[in-house]
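Spelled out, the chains give:
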Amino acid sequence: MHGKRNPAATRSGFFSSRRSAFTLIELLLVVVIMLLGAAMTVPSFVRSYRGAKLRTSARTIVMSHRYARGMAVLKQTRVAALYDVAKNEVEIVSVTVSSQAVDDRDRFLDRRADRTGVEAVDQKDQAEPSAPANVVSELVRPLAEGVKMSHFESEKVEQEKDGIYWVNYYPNGMCDPYSVEIEDEYHKSATIKVDPLSGKAEVEYD
């Protein structure tokens, strides 16, 4: 025989199931809270995305500087960083000091104007009859798309030629003092300042 159901227990279970369900107002309230949270998060995400290219380009310059300084110290040779404001790229070259060093530098810069970054890497281990023997390309790094070099400043202004700035790195760890300002397509900028004595590179974002 089946026992009789307790009416009180049945009513309690009924009301309990009703209390566990969401009402339409509660669901709408959850949706509104989610929309408000998204509205607050999206602008921050957009700003972060916009600044990503600028930060990546700043890191490219800092890493190129460290690479040039490290190579000059480790190999005990003269190294140079070339900042090309027309192509928005950085190239690291090793330099053999000689009586023809200045002439070779000018020849290298003249040839570089008609050369792409890919060609620089491909031709690194190839000897060309017209290539200056005292200047050898080691590394080429372009800035992120949409980021440009807006300003370059150095005490040695004579090292600029056709929009290419030549910065010397020495075997003792020192380098020419300089700063580079870069700007993205949203007009946000960053300035990389290099200390010639310590070799420290500081990045300041606008």
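Residues numbered from 1 in each chain as written. Predicted model: local features only at pLDDT ≥ 70, side-chain atom pairs only at ≥ 80, totals over all residues. Heavy atoms only, no water.

Enquirer: Quick question: what am I supposed to make of the sheet that holds strand E7 (residues 178-183) here?
Expert: Hydrogen bonds between backbone groups are what pair the strands of a sheet, and the pairing can be parallel or antiparallel. The strand order E4-E7-E8-E9 describes an open sheet built from 4 strands, whose pairing is antiparallel. Lying at the two open borders of the sheet, with one neighbouring strand each, are strand E4 (148-154) and strand E9 (201-205). Each neighbouring strand pair of the sheet contributes to a mean axis angle of 15 degrees, computed without reference to strand direction. (Pairing = 2+ DSSP bridges. Helix = DSSP H or I, 4+ residues; strand = E, 2+ residues; numbered from the N terminus. Axes fitted to C-alpha atoms, helices over the stretch in contact; angles between N-to-C directions.)

Enquirer: Even after reading the chapter, I still don't get the packing of aromatic side chains, so can you show me in this structure?
Expert: To describe a pair of aromatic rings, one takes the distance between the centres and the angle between the planes. Scanning the entire structure with this criterion turns up 4 aromatic pairs. On the numbers, 5.3 Å between centres and 50 degrees between planes, the contact of Tyr-83 with Tyr-178 is tilted. Taken as a pair, Tyr-83 in strand E1 (residues 78-84) and Tyr-178 in strand E7 lie far apart in primary sequence, 95 residues in all. In this structure, Tyr-83 and Tyr-178 share a single accessibility class: buried. With 4.3 Å between their ring centres and 20 degrees between their planes, Phe-152 and Tyr-165 make a pair best called stacked. Taken together, the residues Phe-152 in strand E4 and Tyr-165 in strand E6 (residues 164-169) connect sequence positions 13 residues apart. Through pairs of rings, three or more aromatic residues link up here, namely Tyr-83, Phe-152, Tyr-165 and Tyr-178. (Phe/Tyr/Trp six-rings, centres within 6.5 Å; stacked < 30°, edge-to-face > 60°. Buried < 20%, exposed > 50% of the residue type's maximum accessible area, 1.4 Å probe, protein only.)

Enquirer: Please clarify how the pattern of salt bridges should be interpreted in this entry.
Expert: Between side chains of opposite charge, a pair can form as their charged atoms come close. Under the criterion given, the structure shown has 3 salt bridges. Measuring nitrogen to oxygen at the nearest pair gives 3.5 Å for the salt bridge that ties Lys-53 to Glu-185. One end of the pair, Lys-53, is in helix H2 (residues 24-75); the other, Glu-185, is in the loop between E7 and strand E8 (189-194), with 132 residues separating them in the sequence. In this structure Glu-185 comes out as partly exposed when scored by relative accessible area, which is 43%. We note a salt bridge from Glu-202 to Lys-200, for which the minimum N-O separation is 3.8 Å. By relative accessible area, Glu-202 is classed as partly exposed at 39%. (Salt bridge = Lys/Arg side-chain N within 4 Å of Asp/Glu carboxyl O.)

Enquirer: Help me out: how do you make sense of the sheet that holds E6 in this one?
Expert: A sheet is described by the order of its strands in space; here 5 strands give the open sequence E3-E2-E1-E6-E5, paired in antiparallel fashion. The sheet terminates laterally at strand E3 (135-142) and strand E5 (160-161), the two strands that pair on one side only. Bridging between E1 and strand E2 (residues 89-95) involves 7 bridges; their strand directions are antiparallel. If you follow Tyr-83 over to E2, its bridge partner there is Val-90.

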